[in-house]
Amino acid sequence: VGKKVAKLNINRNKFIINRKFKHTLFSFYHNILKRDKYEEQCKLLNESQYWSIEEIKSYQLEKLKSLLSYVYDNIKYYNNLFNITKFNPSELKSFEDFSNVEILNKEKISLNYEDLILKNILRKDYYSNSTSGSTGNNLKFLSDVNIIRTAMQQRCYNWMGVDFFDRKLSIWGAEWDVKNAKKLIKKVKGYYKGWKVLSGYNLSDTDIDSYYRLILAYKPKLLVSYPSILYEISKRFQKNKYHFSPDAIQIGGEKLFKNQRSFIEEIFETKIYDFYGARDMRMIAQECNKHEGLHIMSENIIVEVLDDNGNPVEEGEGDLVLTDLSNKIMPFIRYKIGDRAVITKKPCSCGRGLPLLKEIIGRSFEIIEFPNGNKVGGSFWTLLMRNEPNVKKFQIVQNLNNLITIKYVLENNHHNINKIKLIKNIHLYSGSKLNIRFLQSDEIPLAKSGKYNFVVKELA
Ligand SMILES: [Zn+2]
């Protein structure tokens, strides 16, 4: 036994050295090779989180001024827009002036795709991206590569008491998304940063059992997943009296319900940190260890919550309109992302000045249950349809327990969708007893509420 304990200690020391080494290598990479001022950025973010709301606002306004001048000079769409609406970015004095800038939405992005992109961009400065978030529009766009996002991520880990290089396990996405993570370059990066990624869909009891063994062996400090997935896993853990407790759980991708939260926290004997991000806006907000709401990452994002008439809401629910302050490749300014949230003026008791979103509402999807008992949330469908580049819009209708209809609008009518592949991918999770019908149409009507529901249940 003594030998075994000694061996364990050696392994632990090895791991700490390993982590220190990774930190050193990381610093060397950023300070000497890239010279991207990464550590300066981290230091700034550690200080700015405790600024007063006034200090944060004046910092945002400065960044905003320079962004608006930049887009006026460099991005055709904004040059035209500001000329037409006679908006002069150099005269911007307040956020009230800023509210005169026309709101951007997914439709406008699709229509003005080329004009929204900076000319002569370098391949290393961006990557192609598409939404898999809370709407059925498959929006394509370019994302910038900017060190501030890594620094923000590092700060999120700090809030959860997790080190950047600690072992992290993500149970996330569908199988075809996880396949992506298996690509060699991602594997190397993942290994370096301590990431392991597992598929979260179609988890049978045996899958969860084998995940449990893997978790026990890997001992992740941080567990990252969707609420609905982790809820199912927790039920199996409870039934089989499985026990594992990570330092923290980070939840994202869907609305986190109170009952899910308390049950998962009870089973894993740890705290959940609710995270709100989106592919088209990346990191938006996350809880700190006081869990009184999600702190907006205000140094890099302006979050507006607007009522139905477009007026700002200071306390209460409204539509989220977001401005990323550092994206210079394809800037989205006053972008209506399609989610709703509750904002509050009440500060968090942790002392951070970063304002709070009380709740994210727009992520509540309709859950569909298949004849084999498997359940999937809205992101299942957006991840699935992301591989169909010609689909402009879609809607999933569950007509009967064993029948769904996929309504879809095509980008151009000369190309169709790969129905066989879609059926195959859905059947992986639903079992073959589910009948799938396809219906191409010219438009998908909005619901009575005026909202675009992309998952609809017609079951009694
Ligand atoms: Zn806080």
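Refer to the preceding data block for the structure.
Let us look at the structure shown here. (Residues numbered from 1 in each chain as written. Predicted model: local features only at pLDDT ≥ 70, side-chain atom pairs only at ≥ 80, totals over all residues. Heavy atoms only, no water.)

### Points about the packing of helix α10 (residues 205–218) against helix α11 (residues 227–239)
Okay, so step 1: Axis separation between α10 and α11 bottoms out at 10 Å; the angle between their running directions is 80°. When the axis of α10 is compared with that of α11, the two are roughly perpendicular. Between α10 and α11, the residues in contact are Asp205, Ile208, Asp209, Tyr212 and Ile215 and Glu232, Ile233, Arg236 and Phe237, respectively.
Okay, so step 2: Classifying every residue of the contact of α10 with α11 by side-chain character gives five nonpolar, no polar and four charged. (Axes fitted to C-alpha atoms, helices over the stretch in contact; angles between N-to-C directions. Helix = DSSP H or I, 4+ residues; strand = E, 2+ residues; numbered from the N terminus. Parallel < 35°, antiparallel > 145°, perpendicular 65-115°, else oblique. Contact = heavy atoms within 4.5 Å. Nonpolar A, V, L, I, M, F, W, Y, C, P; charged D, E, K, R; others polar.)

### Here we look at helix α4 (residues 76–84)
Okay, so step 1: Among the residues of α4, Tyr77, Tyr78, Leu81 and Phe82 are the ones counted as buried. Relative to the axis of α4, the buried residues are bounded by an arc of 115° and lie together on one face.
Okay, so step 2: Those residues of α4 that are buried are in contact with α3 (53–74) and α6 (106–111).
Okay, so step 3: Lysine 86 sits one or two residues past α4 and shows a positive phi near 55°. (Buried < 20%, exposed > 50% of the residue type's maximum accessible area, 1.4 Å probe, protein only. Arc of directions from axis to C-beta.)

### Describing the packing of aromatic side chains
Okay, so step 1: For the structure shown, the criterion picks out 20 aromatic pairs.
Okay, so step 2: Arranged with centres 4.2 Å apart and planes meeting at 55°, the rings of tryptophan 172 and tyrosine 226 form a pair that is tilted. In this pair, tryptophan 172 sits in the loop between β3 (168–171) and α8 (175–181) while tyrosine 226 sits in the loop between β5 (222–225) and α11, placing the two residues 54 residues apart along the sequence.
Okay, so step 3: You can call tryptophan 172 partly exposed: its relative accessible area is 27%.
Okay, so step 4: Ring plane angle 55° and centroid distance 5.0 Å describe the contact between phenylalanine 332 and tyrosine 335, whose orientation is recorded as tilted. The same class applies to phenylalanine 332 and to tyrosine 335, which are both buried.
Okay, so step 5: One aromatic cluster in this structure is built from Phe26, Tyr38, Tyr157, Phe164 and Phe165.
Okay, so step 6: The aromatic ring of tyrosine 218 is capped on one face by lysine 196, whose charged end is 5.0 Å from the ring centroid. (Phe/Tyr/Trp six-rings, centres within 6.5 Å; stacked < 30°, edge-to-face > 60°. Lys NZ or Arg CZ within 6 Å of the ring centre and 35° of its normal.)

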